[in-house]
Amino acid sequence: MPTLSLLRNVSICALILPLATPVQSAEVATIVVSSVAGGPLDVLGRMLAREASETTGQTIVVENRAGAAGTIAAEAVGRAKPDGNTLLLTLDTVATANPHIYVNSKFKIDESLELVSLLGTFDQVLVVPSKTGIKSPAEFLERAREKPMNYGSAGMGSPGHLMMSALTQDSGIKLDHIPYRSNSAVVNDMYGERLDSGFLTIAGVLGPIKEGLLTPLATSGGKRNPLLPEVPTLAEAKLPGLENFDESFSYLVFTTKGSPPEKVKAWNALLSDIVKRPSTAETLRMLDIQAYDSSKVSAAQWVQQRSARWEQIVRDNNIRSDQ
C-alpha cells in the first residue's frame, strides 16, 4: 500500500509534469527578478531556479531588471510570449501599492500579468542608531513628539516608506521622509547619524544589530519574528493607535497574462513544493521568509487585502507620482 509520502510525491509530479515533457524540457524558462544581483530577492530567485531546474530538467535562467519600484521587470514579463516560460519574482508592492502610487502609468498589472504564487511573507523592524539612546517604541514616539525627526527608506512606495507611513498615521506622530536608492544606503547614513530611524528588512540589519550599531525597537508583524525573538511587536507595546498593528509584505510570482492554465497550475505546485523542502529551509530562514498558509486565505485574497490597506495609506499620506 503506497505511503502518504509516496502519494504526495506522485501528486506533485503529476502537477509539474507539463514543465518536464520532452518538448518543453528543451525550452529555456526565465525568472525575471525585480532587483539588482546579490540582494535578498535575487538570492531567492536563484534558489528557485536551481531547485526547479533540478526537479524538471528544464534550463531556467535568472534575469535581473531593477528599477521603477519593480515596474520595469513587470513590464518585461507582461510583454513576453504568453507560454508560461517567463516568470516575475517581485515584492508584493508591485501589485498592492504601485497601482495607487503610479496612477498615470500605462502599465496595468491586472491586464498584463497573472498571479502564480505567494511564496512567503516577511516582516520589518523599526531601528534607530544606538547612539540615540532610544530603547523602546514608547521612547521613540515621545522623542518624535518633542523634536523633529526623520527616517530613510529605499524610495517612494518601498516597504520601508509604506510601513513608516502606516506607523506615523496610526500613532499620530510626524517624521520627515528621506528617500534613498537602497536599504544599504539607509543603513550607512544611520551609521553617520544623518538619519534618525528606519523601518528595514530584518535580514538586512541583523549584522548591525548584533554589532550594537542599531537598536531594534519593534517588529511589524502580528507575532514576534524568529530572527529577533527578544524584540517585541509594535502591537505588544500597547501604545495608543498601535494596539492592532500587524503589517507585513510578501514575495510574489507572476507570469504573462494568457499563459496556459495548466502551465500556471504546474508552476504553482512546483514553487509551493520548493519552499517547503528541507534543502531550502535555511535560505528562507536567513531571508526571513515565513511560510504562507494559502489554505486560510488565498494568494489572490491576500493581495486584495493588502492592496486595500496600502491604498488607504497612499491616499491619506498623499504618496503619489506623476510618472
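Remember, predicted model here, so these are calculated numbers, not experimental data. (Residues numbered from 1 in each chain as written. Predicted model: local features only at pLDDT ≥ 70, side-chain atom pairs only at ≥ 80, totals over all residues. Heavy atoms only, no water.)

Peer 1: How should the nonpolar core be read in this particular structure?
Peer 2: Nonpolar side chains tend to gather and get buried jointly when the protein is soluble and globular. Leu44, Leu48, Leu89, Leu119, Phe140, Leu167 and Trp267 are the most contacted members of the largest nonpolar core, which has 57 residues in total. Among the elements that take part in this core, helix α3 (residues 40–56) stands out by supplying six residues, more than any other. Ignoring anything within four residues of it in the chain, the contact list for Leu48 reads Ile31, Leu89, Leu119, Leu271, Ile274 and Val275. (Core = buried A, V, L, I, M, F, W, Y, C linked by side-chain atoms within 4.5 Å. Buried < 20%, exposed > 50% of the residue type's maximum accessible area, 1.4 Å probe, protein only. Helix = DSSP H or I, 4+ residues; strand = E, 2+ residues; numbered from the N terminus. Contact = heavy atoms within 4.5 Å.)

Peer 1: So what exactly am I meant to see when it comes to the layout of surface pockets here?
Peer 2: Of the voids in this model, the largest pocket is the one considered here, and its volume is about 1200 Å³. Contributing elements (two or more residues each) for the lining of the largest pocket: α3, β3 (86–91), α5 (93–96), α9 (159–171), α10 (183–191), β8 (198–201) and α11 (202–210). When residues in the lining of the largest pocket are grouped by element, the largest group, four residues, is from α10. Classifying every residue of the lining of the largest pocket by side-chain character gives 20 nonpolar, 20 polar and one charged. Considering only enclosed or pocket space, the second largest pocket measures out at about 590 Å³ in volume. Surrounding the second largest pocket, 26 residues form its lining, Val94, Ala95, Pro99, Ile109 and Asp110 being those nearest its centre. Here the element with the most residues in the lining of the second largest pocket is helix α14 (residues 299–316); it accounts for four residues. Here the residues of the lining of the second largest pocket are counted per class, giving 14 nonpolar, seven polar and five charged. (1 Å grid on protein atoms, 1.4 Å probe; cavity = no way out; pocket = protein on both sides within 12 Å on 5 of 7 lines; lining within 4 Å. Points joined across faces, edges and corners; volume = space filled by probe spheres on them. Nonpolar A, V, L, I, M, F, W, Y, C, P; charged D, E, K, R; others polar.)

Peer 1: What should I look at first to understand the pattern of salt bridges in this one?
Peer 2: When the charged atoms of two side chains lie near each other, side chains of opposite charge can form a pair. In this structure the tally under the stated criterion is 13 salt bridges. For the salt bridge of Glu51 with Arg277, the shortest nitrogen-to-oxygen distance reads 2.9 Å. Of this pair, Glu51 sits in helix α3 while Arg277 sits in the loop between α12 (261–274) and α13 (278–286), and the two are 226 residues apart along the sequence. With a relative accessible area of 16%, Arg277 lands in the buried category. In this structure, Arg309 engages Asp170 in a salt bridge whose closest nitrogen and oxygen atoms are separated by 3.2 Å. Pair noted here: Arg309 is in helix α14 and Asp170 is in helix α9, with a separation of 139 residues, a long-range link. (Salt bridge = Lys/Arg side-chain N within 4 Å of Asp/Glu carboxyl O.)

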